[in-house]
Amino acid sequence: QVQLVESGGGLVQAGGSLRLSCVASGRTFSSYFMGWFRQAPGKEREFVAAISWNADSTYYADSVKGRFTISRDNAKNTIYLQLNSLKPEDTAVYYCARRSDGTYYYTTPRSYDYWGRGTQVTVSS
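The following paragraphs examine the structure supplied in this document. Please read these numbers as outputs of a predicted model, since none were measured by experiment. (Residues numbered from 1 in each chain as written. Predicted model: local features only at pLDDT ≥ 70, side-chain atom pairs only at ≥ 80, totals over all residues. Heavy atoms only, no water.)

## Overview of the environment of Leu86
Line of reasoning, step 1. You can see Leu86 is positioned in the loop between β8 (78-83) and β9 (92-99).
Line of reasoning, step 2. Setting aside residues up to four positions removed in sequence, Leu86 forms contacts with Val12, Ala14, Gly15, Gly16, Ser17, Leu18, Arg67, Phe68 and Val123. (Helix = DSSP H or I, 4+ residues; strand = E, 2+ residues; numbered from the N terminus. Contact = heavy atoms within 4.5 Å.)

## Observations regarding the pattern of salt bridges
Line of reasoning, step 1. One pass over the full model with this rule turns up five salt bridges.
Line of reasoning, step 2. The shortest N-O distance in the salt bridge between Glu46 and Arg38 comes to 2.6 Å.
Line of reasoning, step 3. Given the relative accessible area of 35%, Glu46 is considered partly exposed.
Line of reasoning, step 4. Salt bridges sharing partners connect three or more residues here, namely Arg38, Glu46, Arg67 and Asp90. (Salt bridge = Lys/Arg side-chain N within 4 Å of Asp/Glu carboxyl O. Buried < 20%, exposed > 50% of the residue type's maximum accessible area, 1.4 Å probe, protein only.)

## Digging into unusual backbone geometry
Line of reasoning, step 1. If you check the backbone angles, Ala55 has positive phi at about 70 degrees while not being a glycine.
Line of reasoning, step 2. Along the chain, Ala55 falls in the loop between β5 (46-51) and β6 (58-60).
Line of reasoning, step 3. At Asn77, a residue that is not glycine, the phi angle is positive and equals roughly 55 degrees.
Line of reasoning, step 4. Within the secondary structure, Asn77 sits in the loop between β7 (68-73) and β8.

## Describing empty space enclosed by the protein
Line of reasoning, step 1. Inspection of the entire model under this criterion finds one cavity of 30 Å³ or more.
Line of reasoning, step 2. The space that makes up the largest cavity amounts to roughly 50 Å³.
Line of reasoning, step 3. Around the largest cavity, the lining residues are Val2, Leu4, Ala24, Ser25, Gly26, Thr28, Phe29, Met34 and Arg98.
Line of reasoning, step 4. Classifying every residue of the lining of the largest cavity gives five nonpolar, three polar and one charged. (1 Å grid on protein atoms, 1.4 Å probe; cavity = no way out; pocket = protein on both sides within 12 Å on 5 of 7 lines; lining within 4 Å. Points joined across faces, edges and corners; volume = space filled by probe spheres on them. Nonpolar A, V, L, I, M, F, W, Y, C, P; charged D, E, K, R; others polar.)

Laid out in structure tokens, this is it:
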């Protein structure tokens, strides 16, 4: 059983920063491509960022490129998402997920099998 637990969300003013963490249980964490998604009220879950198993490759949605940074520490079974220059439109619940199915594109939620419960990020104007 794999469990993913996010933390680090909160309320921040526009222009501020937050650092999200996602701790995974299980010994095979380091073998997996991992992603961050977000979901705002009334909207579909959308891709934010992803990172390869060895951190050699990172990927970002256009809306966060240059502001967010994904990283991982396999020794700690943890991935991170640094959120800088936050905007009110970044307000959402942020989820981390483990990718298991390479059939689907990495921006597609169907490509991921395990998900955390999410952490709320609220950006005030």
